[in-house]
2 protein chains.
Amino acid sequence: MVIEGGYWRDILAQPAALADTLAGLDAAALADTVKRCRDGRFHRAVLTGMGGSYWALHPMHLALLNRGWNSILLETSELIHVLPGLLDSRTLLVVCSQSGRSAEIVRLLDVKQANCFTAAITNTPDSPLAGRADALILTRAGEEFTVSSKTYVTALMALKWMADALLDSSLERSRDELSQVVPVAAAYLRDWRSHVQSVEPDLRDVRDLFVLGRGASLAAAGVAGLIIKESTHLHGEGMSAAAFRHGPWEMIHPALYALVLAGDGEGATLALRLVQDIVAAGGRAAIVSEDARESLFRLPRVPASVRPIVEILPVEMLTLALASVAGREAGRFERATKVTTAE
Amino acid sequence: MVIEGGYWRDILAQPAALADTLAGLDAAALADTVKRCRDGRFHRAVLTGMGGSYWALHPMHLALLNRGWNSILLETSELIHVLPGLLDSRTLLVVCSQSGRSAEIVRLLDVKQANCFTAAITNTPDSPLAGRADALILTRAGEEFTVSSKTYVTALMALKWMADALLDSSLERSRDELSQVVPVAAAYLRDWRSHVQSVEPDLRDVRDLFVLGRGASLAAAGVAGLIIKESTHLHGEGMSAAAFRHGPWEMIHPALYALVLAGDGEGATLALRLVQDIVAAGGRAAIVSEDARESLFRLPRVPASVRPIVEILPVEMLTLALASVAGREAGRFERATKVTTAE
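Not measured: the values here are computed from a predicted model.

Remarks on empty space enclosed by the protein
Phase 1: Summed over the entire model, instances satisfying the criterion amount to 1 cavity of 30 Å³ or more.
Phase 2: Considering the residues around the largest cavity, the lining is formed by 45 residues, among which Tyr54(A), Trp55(A), Glu75(A), Tyr54(B) and Trp55(B) are closest to the centre.
Phase 3: A total of 6 residues in the lining of the largest cavity trace back to one element, the largest contributor, which is helix 12 (residues 218-232) of chain B.

Brief notes about helix 11 (residues 192-203) of chain A
Residue and element names in this part refer to chain A.
Phase 1: Here helix 11 is 12 residues long and its end C-alpha atoms lie 16 Å apart, about the 16 Å a rise of 1.5 Å per residue gives.
Phase 2: Of the positions making up helix 11, those classed as buried are Trp192, His195, Val196, Val199, Glu200 and Leu203. Each buried residue of helix 11 sits inside an arc of 135° when the element is viewed along its axis, so together they form one side.
Phase 3: Elements that come into contact with the buried residues of helix 11 comprise helix 1 (6-12), helix 10 (171-190), strand 8 (256-261), strand 9 (284-288) and helix 15 (307-326).

Here's the deal with helix 10 of chain A
Residue and element names in this part refer to chain A.
Phase 1: With 20 residues, helix 10 extends 30 Å between its outermost C-alpha atoms, agreeing within 8% with the 28 Å of an ideal straight helix rising 1.5 Å per residue.
Phase 2: Those residues of helix 10 not exposed but buried are Ser174, Glu177, Leu178, Val181, Val182, Ala185, Tyr188 and Leu189. Within helix 10, the buried residues cover an arc of 160° as seen down the axis, which keeps them to one side. In helix 10, the exposed positions angled more than 90 degrees off the buried face are occupied by Glu172, Pro183 and Arg190.
Phase 3: Those residues of helix 10 hidden inside the fold are in contact with helix 1, helix 2 (14-24), helix 9 (150-166), helix 11 and helix 15.
Phase 4: Put simply, Ser170 is the residue that caps the front of helix 10, since its side-chain oxygen is 3.2 Å from the backbone nitrogen of Glu172.

Thoughts on the interface of chain B and chain A
Phase 1: On the side of chain A, 55 residues touch chain B, which itself brings 55 residues to the contact.
Phase 2: Buried area between chain B and chain A, summed over both chains or domains, comes out near 5100 Å², and the portion from carbon and sulfur atoms is 57%.
Phase 3: If you sort the residues of chain B by the area they bury against chain A, His246(B), Glu250(B) and Arg335(B) come out on top, with a joint share of 16%.
Phase 4: Where chain B touches chain A, the interface holds 4 salt bridges.

Thoughts on the relation of the copies chain B and chain A
Phase 1: Of the transformation superimposing chain B on chain A, the axial component is 0.0 Å and the angular component is 180°, with the fit at an RMSD of 0.0 Å. These values place the two chain copies in the arrangement generated by a two-fold rotation axis.
Phase 2: A share of 100% of the interface residues of chain B reappears at the interface of chain A, consistent with the copies meeting face to face through the same patch.

Thoughts on the sheet that holds strand 8 (residues 256-261) of chain B
Residue and element names in this part refer to chain B.
Phase 1: Ordered by their spatial adjacency, 4 strands build an open sheet running 7-6-8-9, and the pairing between neighbours is parallel. Two strands bound the open sheet, and with one partner strand each, they are strand 7 (235-240) and strand 9 (284-288). Ignoring which end each strand starts from, the neighbouring axes of this sheet average 20° apart.
Phase 2: Its contacts with the sheet put helix 15 (residues 307-326) on strand 6 (208-213), strand 8 and strand 9, and the angle it makes with strand 8 is roughly 160°.

Overview of the domain arrangement of chain A
Residues and elements named next belong to chain A.
Phase 1: Each domain of chain A was delimited in the assignment, giving domain 1 (6-185) and domain 2 (191-326).
Phase 2: Taking only C-alpha atoms into account, the centre of domain 1 sits 26 Å from that of domain 2.
Phase 3: Taken together, the contact pairs 26 residues of domain 1 with 26 residues of domain 2.
Phase 4: For the pair domain 1 and domain 2, the two sides together bury roughly 2100 Å², of which 78% comes from carbon and sulfur.
Phase 5: Per-residue buried area on domain 1 facing domain 2 is highest for Tyr7, Trp55 and Tyr152; these three make up 22% of the total on that side.
Phase 6: For the interface between domain 1 and domain 2, the tally reads 0 salt bridges.
Phase 7: One can count 5 residue pairs in polar contact (both at pLDDT 80 or more) joining domain 1 with domain 2.
Phase 8: Listed by contribution, the elements that provide at least two residues to the side of domain 1 that touches domain 2 are helix 1, helix 2, helix 4 (52-56), helix 5 (58-66), helix 9 and helix 10.
Phase 9: Residue contributions to the side of domain 1 that touches domain 2 peak at 6 residues, all from helix 10.
Phase 10: Broken down by class, the residue content of the side of domain 1 that touches domain 2 amounts to 17 nonpolar, 7 polar and 2 charged.

A few points about the environment of Ile137(A)
All names here are of chain A.
Phase 1: The residue Ile137 is located in strand 5 (residues 135-138) in this model.
Phase 2: Taking C-alpha positions, Ile137 is 8.6 Å from Asn123, a pair spaced 14 residues apart along the chain.
Phase 3: Not counting residues within four places of it along the chain, the set of residues in contact with Ile137 comprises Leu25, Leu30, Ala120, Ile121, Thr122, Ala158, Trp161 and Met162.

Structural notes on the pattern of salt bridges
Pairing is possible between side chains of opposite charge, provided their charged atoms come close.
Phase 1: This model, assessed by the stated rule, comprises 46 salt bridges over all chains.
Phase 2: With its nearest N and O atoms 2.9 Å apart, the salt bridge here joins Arg107(B) to Glu266(A). Of this pair, Arg107(B) sits in helix 7 (residues 103-111) while Glu266(A) sits in helix 14 (residues 266-280), each in a different chain.
Phase 3: With a relative accessible area of 26%, Arg107(B) lands in the partly exposed category.
Phase 4: The partner of Arg132(B) in a salt bridge is Asp110(B), and the shortest N-O contact between them spans 3.5 Å.

Calculation criteria
Residues numbered from 1 in each chain as written. Chains lettered and ligands numbered in written order. Predicted model: local features only at pLDDT ≥ 70, side-chain atom pairs only at ≥ 80, totals over all residues. Heavy atoms only, no water. 1 Å grid on protein atoms, 1.4 Å probe; cavity = no way out; pocket = protein on both sides within 12 Å on 5 of 7 lines; lining within 4 Å. Points joined across faces, edges and corners; volume = space filled by probe spheres on them. Helix = DSSP H or I, 4+ residues; strand = E, 2+ residues; numbered from the N terminus. Expected span 1.5 Å × (residues − 1). Buried < 20%, exposed > 50% of the residue type's maximum accessible area, 1.4 Å probe, protein only. Arc of directions from axis to C-beta. Contact = heavy atoms within 4.5 Å. Polar contact = N/O pair within 3.5 Å; in protein donor to acceptor, adjacent residues only side chain to side chain. Buried area = accessible area lost by both parts, 1.4 Å probe. Salt bridge = Lys/Arg side-chain N within 4 Å of Asp/Glu carboxyl O. Least-squares fit on C-alpha atoms with pLDDT ≥ 70 in both. Pairing = 2+ DSSP bridges. Axes fitted to C-alpha atoms, helices over the stretch in contact; angles between N-to-C directions. Domains from an automatic or database assignment. Nonpolar A, V, L, I, M, F, W, Y, C, P; charged D, E, K, R; others polar.

See the structure below:
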């Protein structure tokens, strides 16, 4: 029985947050950035964030690398303490932070060189990050309770938009692709109660959870590792599906549950085989794909470039179900704070 | 009571493996690679491996980035399926693989362009990787039972040597720094029994384990996440110490144990505070540093560039202790295989 708290409300509000964010996307906000790119001003892009914002940057990172950019994806903590030398005038710094004011982001703004061009994505217009960015895309997720949900999917939306702009892709097509996720996410979430109920029996005595993916699906896998822990207190770990076969495989036991994100292409074939092999080894596993049998795990058909946005929805259902099984309200914090203020 | 199996023997044989590998390091093996670097042949370095070998590449990746290289660190699975376009004639491909024949490595050799210059680190001279590399550094870890231990520390050694060569650092100094780890690792391991016994009481009812680090210490944290799972069947996760505060924090409970690798500089101060804060929040935590009170967690004093090699030793002690508490032989595989043959 799901206790319908603030996190649950945020999950259901994601389609509205996506629609609002989409309506606010504006090519003019990035015009100067794009011009500087065309002028060859940047030798590299450094993409940075913490927590869910870090994982949200992953699809953009792959897109840039695939198009010949020198892209470096780093947690902000690593950037400021280990590699501050990257923050110079030849770097396009892309910073993603829901609050725009977590401990590492504030430090980053002090550490970077003044002429390091900074393009920011944040949900907080009056944050230090928004105030000191050279280019700014605001997400319009509204207030968020605790666990990142609305701010994560809207950050993915803003980052795809930014990536398409930097790569000189058609922003008309970008907007069209992004607009497709709003109605399908709404349709998927309308069935939230049956989604949650359908998976509860499988989760009753689960002790270890893994969410596995490849390529752009690593974004949802990585975020899953954070939000399962914080919304349910269970040990959920996000991991590369390939890495799971190197070592963690040995840990498979009947109370282990692996959710495998299929993605597309050859990876999807490998994902199916991984699910079968985990079950054969004595664990439990399910696949998240457009062809999944269970409606909970069946992704809406959307362009691959926006799939990361809908891929997190089944993970969110899983967190509601895990908390329901444990008799607690998903996402009600007992220890953590919404904004991480200590490094 | 530690059951003294093959993994335990491999752990104790690490100093000998390091000494043998050091004796075999040869500047001539890299002369052609270094010349090509000086000639400006490479626009980027792509560093790749799977499992422990992937994490072993992390310190070299940071060293290259810090010296202005365009370095990209990618799991081999990601490289071959998501970013094969990186494997062209302008790329210095650095491949690390103990066996030289895991599923992804074999595929990599087929996918890369013929003129993509490949520098390999492997423990297996007759492997496909060794046979098809343009430059080769062999580690001399000998046969390994199951879990990576000897091959991991010797790979770190070979990779530091390679990084120093590429960065035109003094190879004499490099050899001197590397030689320092052999006697101190031997001295540390001579006390293995008291190390293990000293931590056993703290581990009796531990359910969730985290190993946390920053910078080059992320290598040991990442490997810890693999080897704790495979050698003890317990859910150990490696993670950035900074990321642990974003989300996972909420999961802290009395059966959670966090080992925090201090590293150096400001990170060490943050690590100490993290340990205190985890304990204050109701979890258990210990710090691994040169100043740690418990001899188990006290690292030998070595140059920072070779610290990753000794940083894994306390983690290995932890795996022996966890298995001992559970009454099983650490590292005896029930499901996994030594060489991962499926993707």
